[in-house]
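Descriptive analysis of the structure
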Amino acid sequence: MKTNRICQILGIEKPVVQGPLSWLTDARLVAAVSRAGGLGVLGPNAGLTAETAVSTPDETAEKLREEIRKTRMLTDKPFGVNLIPTAQNDIWTPPILKVIKEEGVKAVVYTGYGEGAIIPTLFDELKSAGIAIIYRDINPTPANTREAERAGADIIVATGFDEGGTLPGTVLGTFSIVPMIADAVENVPVMAAGGIVDKRTAHAAHALGAEGVFAGSVFISTLENRVPQSVKDKIVAANGLDLSLFRTLPDFYRSLPGKLTSKLVEMDKAGASNEAIGQAMGGLRGLRIGMLEGNTNEGYISLGTGIGGIKKVASVAEVVEQLSV
């Protein structure tokens with residue numbers, strides 16, 4: 001495989017970025033991805049458990065600093081950190097950005113949620129610090145793609161409805177959204193996200209105009225991931241037909257079967273509001289309980305529709321090699 005623009009921008013060997021995955025990342029997973037030639041990314045709550053979780057911005061930033069330093073002890077390769085800025089009253093991003101700059105992290109996955117997600121002054125601050133920006137809008141469109149490119153994004157992620165986690169409100173699959181976004185950019189490379197789990201789907205992403213892949217679900221079932229074996233076994237045994245889709249905040253989620261998932265699906269069918277379903281779902285707390293603790297009575301297991309291509313619990317190195325085409 002020849003090097004490409006994504007590899008050059010990020011200083012990596014293979015154009016593969018691991019999705020931040022919130023509670024499901026830690027130094028061990030992220031370092032393994034980076035050692036394998038991709039870019040590992042520390043997500044919100046990386047390395048934390050219910051017992052070690054913190055609630056203030058400064059404490060959260062210091063916990064992130066600890067995980068950054070742990071990651072650097074495990075690899076000298078580049079890795080990234082997730083930023084989720086908000087347009088108003090954002091008390092979380094400033095202390096986290098301070099830590100990112102002080103610790104010399106060279107890439108961020110900038111997650112955009114809703115109107116005003118693209119903050120030009122923040123882009124400028126990141127760029128002036130020499131930090132590469134991987135911009136991933138929850139609802140990618142040609143308009144916000146061009147806006148992010150003008151603001152200084154180095155890489156754009158085109159996310160299809162096939163993904164796991166927080167789903168786009170624009171219900172367009174990866175095969176539809178990737179070429180649309182690839183056609184919308186002028187000078188920056190595009191990565192594809194959503195349903196990409198093996199060499200076949202990675203080849204398809206490149207054929208659609210992507211220059212790399214941004215993957216989450218496939219890294220959850222790896223040997224190095226911190227989720228329990230019971231969750232990994234469920235992923236390997238399942239395919240996309242086993243997933244249930246339901247409305248919530250901001251738009252949709254999907255999950256493998258479980259007591260909580262059944263309740264959420266029934267609430268959706270009964271016409272409950274997105275707000276009520278979101279409250280019952282428990283937000284990312286429900287993800288922690290379902291995926292980090294393996295309790296599907298009180299939590300959920302959110303995955304992308306491509307999980308049928310995950311045939312075994314593999315090493316991170318095997319996964320990165322499969323995805324680098």
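Our structure's up above, just so we're on the same page.
Note that this is a predicted model, so its numbers are computed, not measured.

Here we take up the pattern of salt bridges. Considering all chains together, one arrives at 17 salt bridges under this definition. A salt bridge links Asp198 to Arg200; the shortest N-O distance between them is 3.4 Å. The class of Arg200 is exposed, set by a relative accessible area of 64%. Between Lys312 and Glu318 there is a salt bridge whose closest N-O contact spans 2.9 Å. What makes Lys312 partly exposed here is its relative accessible area of 47%. Glu318 gets classed as partly exposed once you look at its relative accessible area, which sits at 35%. Members of the salt-bridge network, linked through shared partners, are Glu62, Arg65, Arg69, Lys98, Glu102 and Glu103.

Attention now moves to the environment of Glu62. Relative to the assigned elements, Glu62 resides in helix H3 (residues 57-74). On the accessibility criterion, Glu62 (39% relative accessible area) is partly exposed. On a C-alpha basis, the gap between Glu62 and Ser324 in space is 33 Å, while along the polypeptide they are 262 residues apart.

If you look at the biggest cluster of nonpolar residues, it comprises 85 residues, and the most contacted ones within it are Leu24, Leu126, Tyr135, Ile156, Phe219, Leu303 and Leu323. Cys7, Val109, Ala132 and Ala193 belong to the second-largest nonpolar core, a separate cluster that totals 16 residues.

Moving on to helix H2 (residues 27-35). With 7 of 9 residues buried, H2 lies mostly within the body of the structure. Phi for Gly37, located one or two positions after H2, is positive at around 110 degrees.

Rules used in this analysis
Residues numbered from 1 in each chain as written. Predicted model: local features only at pLDDT ≥ 70, side-chain atom pairs only at ≥ 80, totals over all residues. Heavy atoms only, no water. Salt bridge = Lys/Arg side-chain N within 4 Å of Asp/Glu carboxyl O. Buried < 20%, exposed > 50% of the residue type's maximum accessible area, 1.4 Å probe, protein only. Helix = DSSP H or I, 4+ residues; strand = E, 2+ residues; numbered from the N terminus. Core = buried A, V, L, I, M, F, W, Y, C linked by side-chain atoms within 4.5 Å.

By themselves, these figures tell us nothing about what the structure is for.
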